[in-house]
Amino acid sequence: MQKLIEASEIQNVVASLGHQIATEYRDQPLTVLGVLTGSIVFLADLIRTIDLPLRVGLIQASSYRGATTQPLELRINDSLVPDIRDRSVLLVDDWSDVTLEWLQA
């Protein structure tokens, strides 16, 4: 398998992103919300680089089930979302489509 990006390059970008997030949200209560399951590894790496007190939550959103390649009815499981009232929320996911647009609304 051909390596396209060195692990150290990815770590540097994630660390830089974490620093930018910490700077942007310095004076705000922050909750980082990962969309299951694709965001888990990136979410774990990212939150370790954000030098702020923060809450972490998870949400499951799926519109593709089984072998289908066409989106079906969107299903949301928000049972792992902490109280986000009066908090800034950073949504972390590994893709962008109609599901993500719905979550951002």
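Use the structure listed above.
**A few points about the sheet that holds strand β3 (residues 75-77)**
Move 1: Sheet architecture is open: four strands sit in the order β3-β2-β1-β4, paired in mixed fashion. Looking at which strands have only one partner, the edges of the open sheet turn out to be β3 and β4 (88-92). Across this sheet, the average inter-strand angle for adjacent strands is 25°, counted without regard to direction.
Move 2: Note: strand β1 (residues 30-36) against strand β2 (residues 54-62), seven bridges, orientation parallel. Paired with V32 across the strands is V56, a residue of β2.
Move 3: Seen against the sheet, helix α2 (residues 40-47) touches β1, β2 and β4 and runs at an angle of roughly 165° to β2.

**Overview of the packing of helix α1 (residues 7-24) against α2**
Move 1: One can describe the packing of α1 onto α2 by two numbers: an axis separation of 9 Å at closest approach and a directional angle of 60°. In terms of their interaxial angle, α1 and α2 are classed as oblique. You can see that α1 and α2 cross each other, and the crossing is right-handed. Only F42, D45 and L46 of α2 make contact with α1, whose side of the interface consists of V14, L17, G18 and I21.
Move 2: Grouping the constituent residues of the contact of α1 with α2 by class yields five nonpolar, one polar and one charged.

**As for the pairing of β2**
Move 1: The handedness of the β1 to β2 crossover, carried by α2, is right-handed.
Move 2: Relative to β3, β2 is paired through three bridges, and the arrangement is antiparallel. Of the residues in β3, the one forming a bridge with S62 is R75.

**Some words on α1**
Move 1: An ideal rise of 1.5 Å per residue puts 26 Å on 18 residues; α1 measures up with 26 Å between its terminal C-alpha atoms.
Move 2: The set of residues buried in α1 consists of V14, G18, I21 and A22. Relative to the axis of α1, the buried residues are bounded by an arc of 95° and lie together on one face. With respect to the buried face of α1, the exposed residues turned more than 90 degrees away are N12, V13, H19 and E24.

Calculation rules
Residues numbered from 1 in each chain as written. Predicted model: local features only at pLDDT ≥ 70, side-chain atom pairs only at ≥ 80, totals over all residues. Heavy atoms only, no water. Pairing = 2+ DSSP bridges. Helix = DSSP H or I, 4+ residues; strand = E, 2+ residues; numbered from the N terminus. Axes fitted to C-alpha atoms, helices over the stretch in contact; angles between N-to-C directions. Contact = heavy atoms within 4.5 Å. Parallel < 35°, antiparallel > 145°, perpendicular 65-115°, else oblique. Left-handed = near helix turned anticlockwise from the far one by under 90°. Nonpolar A, V, L, I, M, F, W, Y, C, P; charged D, E, K, R; others polar. Right-handed = clockwise from strand over helix to strand, strands pointing away. Expected span 1.5 Å × (residues − 1). Buried < 20%, exposed > 50% of the residue type's maximum accessible area, 1.4 Å probe, protein only. Arc of directions from axis to C-beta.

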